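One-letter residues, chain by chain:
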Amino acid sequence: MESVKKMDLSYFPGCSLATTAKESNQSLTKVCEKLGLNLIELEDWNCCGSSSAHSLDQKLAFRLAARNLSLAPSDRPLLVMCPTCLHRLKLAHKVISENPAARAEEEARWGRPVDPGLKIVHFFEVLSGIEPSRLEAALVRPLRGLKCVPYYGCMLARPPSLRKERNYHGLIEKMLTSLGAESLPWSFSARCCGTFLSAARPDIAVPLVNEIIGGAVKAGAECIITACAMCQLNLEIRCTLKDRIPTLHFSEILALAFGAKGARSWFKRHLVDPMPLLRGKRLIE
């Protein structure tokens, strides 16, 4: 994406960032303000059709995503943070842009045009286009001494129909290093956490989560930085190990480094309290 100076972006939070991961939404908003990005939330957005919707009724899931697309103005990109939301919206947009009949049906259903040329972007894509000088100027509190491992989860991997989409792996490591933290190598950055099976089959999710957390501890990490709100929740609620470390949203660690206000309120929502670690590193008072 082209370098960003001042940009208006439509914004689709999705269900997780509006509920269980409010701290991700709040910190993302602060980060964008610091970087000169104006997020304009879609009015009256609905679930993207993720999880139970597309597993039980694919047509319904498609229509849920299509309705959100119909709400997005054509004159600015649509920003999405949640990897699953990104998939559902991009898959629906691919159908609409390649199938005129499907597009006409959805436009008639919702009474609005659906732009086949709408640009749907993940926050990582926007971030990767920002000039290094702007990032350096935003840095208020370097993350010196903080040992992290990046965790992307499996949902940023592209399904076959979207195989030409960008791969964002490596961006978290690059950003953490530029902000002064130490990004450690490990073997679980793309390992599945059990995703929505955490609710229906915790017996499957718990061993997966324990392996990921155990891998981070073994690597010498003091915290895990996640790209996915669902992953962050699973790693906190399903870990049964004695040795547990904080799991932070990527947007939270960026907001902390950029000196955004409100960090205490975000971190209070965590089940594994990151405050002792951050105080020990003198990253928060």
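Everything discussed here concerns the structure shown above.
Conventions and cut-offs
Residues numbered from 1 in each chain as written. Predicted model: local features only at pLDDT ≥ 70, side-chain atom pairs only at ≥ 80, totals over all residues. Heavy atoms only, no water. Axes fitted to C-alpha atoms, helices over the stretch in contact; angles between N-to-C directions. Helix = DSSP H or I, 4+ residues; strand = E, 2+ residues; numbered from the N terminus. Parallel < 35°, antiparallel > 145°, perpendicular 65-115°, else oblique. Left-handed = near helix turned anticlockwise from the far one by under 90°. Contact = heavy atoms within 4.5 Å. Nonpolar A, V, L, I, M, F, W, Y, C, P; charged D, E, K, R; others polar. 1 Å grid on protein atoms, 1.4 Å probe; cavity = no way out; pocket = protein on both sides within 12 Å on 5 of 7 lines; lining within 4 Å. Points joined across faces, edges and corners; volume = space filled by probe spheres on them.

Chemist: I tried to follow the packing of helix α9 (residues 171-178) against helix α13 (residues 250-257) on my own but got confused; where do I start?
Modeler: How two helices pack is summed up by the angle between their axes together with the distance between the axes. Following both chains from N to C, one finds α9 and α13 inclined at 20°, their axes separated by 11 Å at the closest point. By the criterion of interaxial angle, the relationship of α9 to α13 is roughly parallel. Crossing handedness for the pair α9 and α13: left-handed. Contact with α9, carried on its side by Leu171, Ile172, Met175 and Leu176, involves Phe250, Ile253 and Leu254 of α13 and no other residues of that element. Classifying every residue of the contact of α9 with α13 gives 7 nonpolar, no polar and no charged.

Chemist: I keep staring at unusual backbone geometry and nothing clicks. Help me out?
Modeler: Most of the time, phi is negative for any residue but glycine, and the peptide bond is trans. With phi around 35°, Thr195 is a residue other than glycine that occupies positive phi space. One non-glycine residue with positive phi stands out, namely Arg282, at about 60°.

Chemist: I would appreciate a short explanation of the layout of surface pockets in the present structure.
Modeler: If a probe as big as a water molecule is rolled over the atoms, it shows which places are left empty. There is about 310 Å³ of room inside the largest pocket. Residue lining of the largest pocket: 14 residues in total, with Pro132, Leu135, Lys174, Met175 and Ser178 positioned closest to the centre. Among the secondary structure elements, those contributing two or more residues to the lining of the largest pocket are α7 (123-128), α8 (132-138) and α9. Per element, the largest residue contribution to the lining of the largest pocket is 4 residues, and it comes from α9. Grouping the amino acids of the lining of the largest pocket by side-chain chemistry returns 8 nonpolar, 3 polar and 3 charged. Its volume calculated, the second largest pocket comes out at about 270 Å³. Contributions of two or more residues to the lining of the second largest pocket are made by α5 (83-98) and β4 (120-122). Counting residues per element, the lining of the second largest pocket draws most heavily on α5, which supplies 5 residues. For the lining of the second largest pocket, the per-class residue count stands at 4 nonpolar, 3 polar and 7 charged.

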